[in-house]
Each structure stands twice: as structure tokens, then as C-alpha cells.
Amino acid sequence: IGSGTSYATPYVAALAGMALSYDSNLSASEFEQFLKKTSTDLGTTGYDYTYGSGLINYEAFMSDLTSGSFCDVPSDCWYESAVYEMSDAKIVEGRSRYIFDPENTTTRAEFVTMLARLSGDNIDQYNGTSHFTDVSSGSWFNKYINWAYEEGIVMGITENTFAPDAKINRAQMSTMMARYLDVKGIDLTVTDPDITFGDQSSIPDWAMESVMEMAQAGMLKGFDDGTFGPERNARRCEAVTILSRLTEASGS
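Residues numbered from 1 in each chain as written. Predicted model: local features only at pLDDT ≥ 70, side-chain atom pairs only at ≥ 80, totals over all residues. Heavy atoms only, no water.

Draft legend 1. Molecular detail of the overall build of the protein chain. What the protein chain contains, in helices and strands, is nine helices and zero strands. Each helix and strand of the protein chain, placed in order from N terminus to C terminus, yields the pattern α-α-α-α-α-α-α-α-α. Buried residues in the protein chain amount to 45% of all 252 residues. For the protein chain, long-range pairs separated by at least 24 residues make up 70% of all intrachain contacts whose partners lie at least 6 apart in sequence. Accessible area for the protein chain stands at about 13200 Å²; split by element, carbon and sulfur atoms hold 49% of it. Of the side chains in the protein chain, 17 bear a positive and 36 a negative charge, and the two mean positions are spaced by 3 Å. (Helix = DSSP H or I, 4+ residues; strand = E, 2+ residues; numbered from the N terminus. Buried < 20%, exposed > 50% of the residue type's maximum accessible area, 1.4 Å probe, protein only. Contact = heavy atoms within 4.5 Å. Areas by Shrake-Rupley, 256 points an atom, 1.4 Å probe, with all protein chains shown as cover. Lys, Arg positive; Asp, Glu negative; His and termini not counted. Charge placed at Lys NZ, Arg CZ, Asp CG, Glu CD.)

Draft legend 2. How the structure looks around helix α3 (residues 58-66). Buried residues of α3: Phe61, Met62, Asp64 and Leu65, and no others. Projected onto a plane normal to the axis of α3, the buried residues spread over an arc of 160° and lie on a single side. Packed against the buried residues of α3 are α1 (5-22) and α2 (28-38). Between the side-chain oxygen of the N-cap and the backbone nitrogen of Glu59 there are 3.3 Å, and the N-cap of α3 in question is Asn57. (Arc of directions from axis to C-beta. Polar contact = N/O pair within 3.5 Å; in protein donor to acceptor, adjacent residues only side chain to side chain.)

Draft legend 3. Looking closely at the pattern of salt bridges. Applying the stated criterion to the full structure yields 11 salt bridges. A salt bridge links Glu103 to Arg235; its shortest N-O distance comes to 2.5 Å. With Glu103 in the loop between α4 (80-88) and α5 (108-119) and Arg235 in the loop between α8 (205-216) and α9 (236-250), this residue pair connects regions lying 132 residues apart in the sequence. You can call Arg235 partly exposed: its relative accessible area is 25%. (Salt bridge = Lys/Arg side-chain N within 4 Å of Asp/Glu carboxyl O.)

Draft legend 4. Quick peek at the state of the cysteines. Taken as a whole, this structure holds zero disulfides when the rule is applied. With no disulfide of its own, Cys77 lies closest to Cys237 among cysteine sulfurs, the gap being 8.0 Å. Using a relative accessible area of 0% as the deciding quantity, one classes Cys237 as buried. (Disulfide = S-S within 2.5 Å.)

Draft legend 5. Molecular detail of the packing of α5 against helix α7 (residues 170-184). The N-to-C vectors of α5 and α7 enclose an angle of 20°; their axes lie 11 Å apart at closest approach. The pairing of α5 with α7 is recorded here as roughly parallel in orientation. Handedness of the crossing formed by α5 with α7: right-handed. From α5, Arg108, Phe111, Val112, Leu115, Leu118 and Ser119 reach across to α7, where they touch Gln172, Met173, Met176, Met177, Tyr180 and Lys184. When its residues are assigned to classes, the contact of α5 with α7 shows eight nonpolar, two polar and two charged. (Axes fitted to C-alpha atoms, helices over the stretch in contact; angles between N-to-C directions. Parallel < 35°, antiparallel > 145°, perpendicular 65-115°, else oblique. Left-handed = near helix turned anticlockwise from the far one by under 90°. Nonpolar A, V, L, I, M, F, W, Y, C, P; charged D, E, K, R; others polar.)

Draft legend 6. Up close: the packing of α1 against α3. Two elements in contact, α1 and α3, have axes separated by 11 Å at closest approach and are oriented at 20°. Taken together, the axes of α1 and α3 lie roughly parallel to each other. Handedness of the crossing formed by α1 with α3: right-handed. Facing α1, whose interface residues are Leu15, Met18, Ala19 and Tyr22, α3 presents Tyr58, Phe61, Met62, Leu65 and Thr66. Of the residues assigned to the contact of α1 with α3, the class counts are eight nonpolar, one polar and no charged.

Draft legend 7. View of the environment of Asp194. Relative to the helices and strands, Asp194 resides in the loop between α7 and α8. Separated by 22 residues in sequence, Asp194 and Gln216 have C-alpha atoms that sit 7.6 Å apart.

Draft legend 8. Representation of unusual backbone geometry within the structure. In this model, Asp76 sits at a positive phi of 65°, which is unusual for a non-glycine residue. Relative to the helices and strands, Asp76 is located in the loop between α3 and α4. Positive phi values are uncommon outside glycine, yet Ala163 reaches one of about 60°. Counting through the fold element by element, Ala163 comes out in the loop between α6 (142-150) and α7.

This is how it looks when you write it as C-alpha cells:
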């Protein structure tokens, strides 16, 4: 009987061989994330000195790998169902086949693209010259931003610029969502008409009505400290969760 990395390594190496036999393009980083995600936790919850990240689980590992799961979306996390719902519906794409990048921020172009795909509109007809000087005709987001502008969902950072690569904050996201709902004629059910936030005074005037509309309907929620964080950049996991709630509320 023995223990240690010398004993564990052959088992992990064998699992790596099985993984590469399924997908020879699987990276070392992706393999490591899948390995940690699917291993059976032992000892103290989470990583610990004695058991590391746990005991490898062949069935769970291969199931995740072959089912199209993302290695960086933890099982049973608060955004898991939204990620796969929006991914399966082609509303949002992963960064790669196995990476969703849930904790990274969302750009303005990315969020507009999600809304455009959610709309079900024929977006291809919006290809062409843009109202915004920083949205070129050959850019991947051209038709999505053109759609959003022509539908009255976005106004731009200035009269002629959109800042597609800038990170979208929660105030901007609320405003785009509210305008989208108006355009689509979707009425949300108010679930908390008396909601307030500790930082309400920091919400910009141009976003206040939209923020409160989204918050009162449960589309956007505050943080544990009672604040809304209007200037906080939205993460990808937040964006897909909000769109999932919007889909459910609108009966789409």
C-alpha cells in the first residue's frame, strides 16, 4: 500500500490518453480544468494538501468531454443552466469548444449580438454601412449593431461612435434591455415594486428608469451589500443569466 504523486500520475496520464483519443486538439489547460471539475472531492471541501483536487472520476470526465460541456463552468453553479440554455439556443458562443469564459467581462458589441440573436429577427438584412464611425462594414458585429440602432435599442456613446469593444456596465445593459422590451412589446411582471438600492444616487439619470424597471421585474438583481453597481462591468455569466430570465419572462 502506498500513496503520493508517483501513484496518482499513471492514472491521470491514462485518463489524458483517453481524452486525446477522443479529441487530439484538447489542450493541457482544458484537460486540467475538466479533470478538476469532474473529480470526486475528498477530505476537506475543495482543494486540500492531502487529497489535492480529489479522486479522478473516469465516467464523469468522459461524460463531460463528449457531451459538449464547458470545462470552466462548474457543475451546479448558479449560472450553469443559463449558460447551456443560451449556448444550445445559439444566443451566445463559447470562446472555444470547451471554454465559455464565464467570469470574463462582456463587451457592448457582444451583448448587442446576444439581444439580436434572441430577437429572432432577420439580422442579415442589416449588413452594410453603419451610422457609427467605429463600426466598419467588415466587422463581425456590423449587422448586429446596425439592427440595434435602427430598432432604437442603442444610441451610442456619442452621436457617431458606439465603442463596440468597450466593456458594458450594468446601467448600459439595463437600458438596452428596457428598449428591447419596448420594441418587442413585452410587458414584464413587477415582482418587487418597492425595491431600493444603497447606491441608488449613483445610478445615472439616463438609466434610472430602465434600471428600476429591470430590478422591479427581477431581471437584474443587486448585490449582497444592497447595492446595484451601475458602473460595474457585466460578466458573461451575468449576461446569459439575464437573457435566460428575459426569455422565461417573455414566454419565448
